[in-house]
Amino acid sequence: MLTAAEARKNAPLWVRLLLPKDAPLYQRNDALFGWLMAFPALLILTVFLVIPFLMAFVISFTNQRLISPNPAEWVGLRNFERLLSVRAFTLEPERDDSGAIVYQDGGIVYPRLRNFTRNNPNYPELDGLREFTSWQSGENRTVILVADVVFLRALINTLVFASVIAPMQGGLALLLALLLNQALPFINVFRAIYFAPVVVSMVVVSLLWRFIYDGNNGLLNNLLGILSFGSIQPVDWLGNPFTALPAIIAMSVWQAVGFHMVIWLAGLQTIPASLYEAAGLDGAGGWQKFRFVTWPGLRNTAVLVLIVITIQAMGLFVQVDVMTRGGPLDATQSVVYQAVLRGYEKQDIAEGSAISVILFGIVFVIAMTQRYLTRERR
Amino acid sequence: MARATKTQGSLIGQRQVKILMDLFTYIVLAVVGIIFIMPFAWMVANSFKDIRGIYTYPPEFIPEVWHFENYTEAWTMTHFDAGFLNSAIVAAAVVLGQLFTASLAGYSFARLRYPGRDKIFLLYISLMMVPFTVLLIPLYVQMRYFNWISTLQAVIVPFLFTPWGTFMMRQFMVTIPRELEDAARIDGCGFFRTYWLIILPLTKPALATLAIFTFVNTWNSFQWPLIVLGKPKVKTLPLLLASFQNQSGMRTPWHLIMAAATFVVIPVLIAFVVGQKYYVRGIVTSGIKGGG
């Protein structure tokens, strides 16, 4: 241990001059150099993370546009209302003078929706809203009206993407990890092969799979054709609104499953072999060992893997940008794709920032859930 | 005891069961392996075909005629030489910068005692939770303000820090015995020289992990460069590759795109093969990245 006197003697001249003489010098030395060494990281962090992060919130409450002659104004929550407002509205059937429901072509006739949503003084709250979806309830029709159809589509797509991909990718990664967690020759070669897509750029992967998913002579259609002896007709995987998002999900799982496989493997290796031996002596079979030894030992890893996948999935962008540009019929719109489209391409940075803030809110809730689930139990 | 005799008495012994099980495992491993390898094999195979060859049925994994000229054609068509240089500059700068800031800050957080240190450290790593996509728009506004649009510093400077890497450095440095440092200090080394001569050489495995992880991420990075690098001469490889598909009007030149994709992948594959051990370790640590 260094004494104060030694430290004082070793300190550079300018440190000795700069600091007052009371209090042990080695402590002041530590403080000075501590801050000095952390400074480059803290400076860049502040300028390029903390400030933009705070700016995102500030801008989202304004009507700022990138190139605009007018100064920005505070608009409160208007951007968020525009993005998120959803209303249910019930349409009652048209009735003739006797009060009977009017039918036409075998269906009930309803008043036109636009009578309510376009400048109708009796329904100011519906002004400017558009139909998102509707269904029949008795003789009435319930219509879900939203202000921003495309954003809501993007939000739903992203949530669907995340909630499908999390169990699927996490589960397959666990299966691969269990398969690889054996002492066999060449097992490392297989680990490297399963892992390879992770290091490859998502742009390359997206282009490659666009090629494979090609509607006419893509590899996938050709292979399905051969395996089914021609009975499966070619599918335009990315051009069909029903298959586009599932196709992107399948590709994304293929690309990143190796990443989570490695996390599972690390989790598996923390389980002591003695537990398996003890279970074996008690007569446990393979499934029982998994159920009562492996799975409980992987609890925190499971939460971690699911949360990491979910947070990554919320940022869905590259696949959409390279493969579908949000189409067909908005079937692959995503939140981040919309944020970039509006904030950057349409230069409406207020709306882009509001989308970023909504995204942060969702990610924050997910991360807090993880903290809650993995908290230390007493 | 009864169980043991039963197994020994059965027709196939435990040894044979084990061999059969292993064989089954290898078959499953191989089938899964094909699913992972086939798309890449398809990419490389088509990079050597001509435009008619890629649409043949049934699909050919070995081209009839090898068109090596696809590679030179793809290379010149999109100015990949400039792209390679840009990507290399950006990756090198970001890797070196992160190694420097993360190891310095990590040393400070691990070793030097000063008031408020642990609070700053906690704040620092809690920022790992902020997903980059949240910063996309405001950071773009900031880059315009700095006049950095379409310059390489826009994709370098904002990434010269890493909460995750700093965390890893700190955790690693905490395990280095303090006696080594004290000895150096008594011999007259200052803080910076102690860090440079004693700590850094001992931190090599963690530095290697951070370096390879950052290299792969930076080399592959697409979203942020797409927004700030508008001019063709500053574009990095993933941007050039993505713009390739929209370029030529008639038919998508898939054979050339596959050739271009192949040489974009080669540097990361080399990095991965060389440093697989460190890369995998990085992922295990990055579990913390999810916010923990």
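A few points on the structure.

1. Observations concerning the packing of aromatic side chains
All names here are of chain B.
Piece 1. Evaluation of the coordinates by the stated rule reveals 53 aromatic pairs over all chains.
Piece 2. Relative to Phe167, the ring of Phe121 lies with its centre 6.3 Å away and its plane at 5°, an arrangement referred to as stacked. Here Phe121 is found in helix α5 (residues 117-126), whereas its partner Phe167 is found in helix α8 (residues 163-174), with 46 residues between them in sequence.
Piece 3. Among the residues examined, Phe121 registers a relative accessible area of 8% and is labelled buried.
Piece 4. Note on Phe146 and Trp148: the rings are 5.2 Å apart at their centroids and 65° apart in plane angle, and the pair reads as edge-to-face.
Piece 5. A relative accessible area of 19% places Trp148 in the buried class.
Piece 6. Within the aromatic cluster, the residues linked to one another by ring pairs are Phe48, Trp66, Phe68, Tyr71, Trp75, Phe80, Phe84, Phe215, Trp219 and Phe263.

2. Describing helix α13 (residues 299-314) of chain A
Residues and elements named next belong to chain A.
Piece 1. In a regular helix each residue adds 1.5 Å, so 16 residues correspond to 22 Å; α13 covers 23 Å between its end C-alpha atoms and thus fits that length.
Piece 2. For α13, a buried count of twelve out of 16 residues is recorded, marking the element as mostly surrounded by other parts of the structure.
Piece 3. What α13 keeps buried is the set Thr301, Ala302, Val303, Leu304, Val305, Ile307, Val308, Ile309, Thr310, Ile311, Ala313 and Met314.

3. Considerations on the packing of helix α11 (residues 273-281) of chain A against helix α12 (residues 286-297) of chain A
All names here are of chain A.
Piece 1. At a closest axis distance of 10 Å, the pairing of α11 and α12 adopts a crossing angle of 145°. Crossing of α11 against α12: the hand is right-handed. Contacts between α11 and α12 involve Leu275, Tyr276, Ala279 and Gly280 on the former and, on the latter, Lys289, Val293 and Thr294.
Piece 2. Among the residues making up the contact of α11 with α12, the classes are represented as four nonpolar, two polar and one charged.

4. Topic: the side chain of Ser206(A)
Piece 1. Structurally, Ser206(A) is set in helix α8 (residues 202-212).
Piece 2. Setting aside chain neighbours within four positions, we find Ser206(A) in contact with Met251(A), Val318(A), Gln319(A), Val322(A) and Met323(A).

5. Structural notes on the nonpolar core
Piece 1. Counting residues in hydrophobic clusters, the biggest one holds 197 residues, and the most contacted among them are Tyr194(A), Trp209(A), Met261(A), Phe80(B), Val228(B), Leu241(B) and Tyr279(B).
Piece 2. Once residues lying within four places of it in the same chain are set aside, the contact partners of Leu241(B) are Val203(A), Val204(A), Leu207(A), Phe80(B), Ile257(B), Ala260(B), Ala261(B) and Val264(B).
Piece 3. Phe89(A), Tyr110(A), Leu113(A) and Leu145(A) belong to the second largest nonpolar core, which has nine residues in total.

6. Here's the deal with the interface of chain A and chain B
Piece 1. Facing 95 residues of chain A, the contacting portion of chain B comprises 95 residues.
Piece 2. Carbon and sulfur atoms supply 77% of the area that chain A and chain B bury against each other, a total of about 8700 Å² over both sides.
Piece 3. On the chain A side of the contact with chain B, Met37(A), Phe48(A) and Phe211(A) bury the most area, a combined 10% of that side's loss.
Piece 4. Summed over the shared surface of chain A and chain B, the result is zero salt bridges.
Piece 5. Linking chain A to chain B there are eight residue pairs in polar contact (both at pLDDT 80 or more).
Piece 6. At 23 residues, helix α3 (residues 25-60) of chain A tops the list of elements feeding residues into the side of chain A that touches chain B.

7. Notes on the sheet that holds strand β4 (residues 130-137) of chain A
Residues and elements named next belong to chain A.
Piece 1. Taken in spatial order, the three strands of this open sheet run β1-β5-β4, and their pairing is antiparallel. Unpaired on one side and paired on the other, β1 (86-91) and β4 mark the two borders of the sheet. Across the sheet, the mean angle from the axis of one strand to that of its neighbour is 25°, orientation sign disregarded.
Piece 2. Bridging between β1 and strand β5 (residues 140-146) involves six bridges; their strand directions are antiparallel. Bridge pairing links Val86 to Val146 in β5.
Piece 3. Lying over the sheet, helix α6 (residues 149-180) contacts β1, β4 and β5, oriented at roughly 70° with respect to β4.

8. Some thoughts on helix α9 (residues 178-186) of chain B
Residue and element names in this part refer to chain B.
Piece 1. What α9 keeps buried is the set Glu181, Asp182, Ala184 and Arg185. In a view along the axis of α9, the buried residues occupy a sector of 160°, so they form one face of it.
Piece 2. Two residues or fewer after α9 comes Gly188, characterised by a positive phi angle close to 100°.

9. What about the pattern of salt bridges?
Residue and element names in this part refer to chain A.
Piece 1. Following the criterion strictly, the structure yields nine salt bridges over all chains and no others.
Piece 2. A salt bridge links Asp348 to Arg65; the nearest nitrogen and oxygen atoms lie 3.5 Å apart. You can see Asp348 sitting in the loop between α15 (335-345) and α16 (349-373) and its partner Arg65 sitting in the loop between α3 and α4 (78-84), a full 283 residues away along the chain.
Piece 3. Relative accessible area serves as the criterion here: at 14%, Asp348 is assigned to the buried category.
Piece 4. Put simply, Glu131 and Arg141 hold a salt bridge, and the shortest N to O gap is 3.7 Å. With Glu131 in strand β4 and Arg141 in strand β5, this residue pair connects regions lying ten residues apart in the sequence.
Piece 5. Because the salt bridges share partners, they merge into one network encompassing Asp148, Arg342 and Glu351.

The rules behind the values
Residues numbered from 1 in each chain as written. Chains lettered and ligands numbered in written order. Predicted model: local features only at pLDDT ≥ 70, side-chain atom pairs only at ≥ 80, totals over all residues. Heavy atoms only, no water. Phe/Tyr/Trp six-rings, centres within 6.5 Å; stacked < 30°, edge-to-face > 60°. Helix = DSSP H or I, 4+ residues; strand = E, 2+ residues; numbered from the N terminus. Buried < 20%, exposed > 50% of the residue type's maximum accessible area, 1.4 Å probe, protein only. Expected span 1.5 Å × (residues − 1). Axes fitted to C-alpha atoms, helices over the stretch in contact; angles between N-to-C directions. Left-handed = near helix turned anticlockwise from the far one by under 90°. Contact = heavy atoms within 4.5 Å. Nonpolar A, V, L, I, M, F, W, Y, C, P; charged D, E, K, R; others polar. Core = buried A, V, L, I, M, F, W, Y, C linked by side-chain atoms within 4.5 Å. Buried area = accessible area lost by both parts, 1.4 Å probe. Salt bridge = Lys/Arg side-chain N within 4 Å of Asp/Glu carboxyl O. Polar contact = N/O pair within 3.5 Å; in protein donor to acceptor, adjacent residues only side chain to side chain. Pairing = 2+ DSSP bridges. Arc of directions from axis to C-beta.

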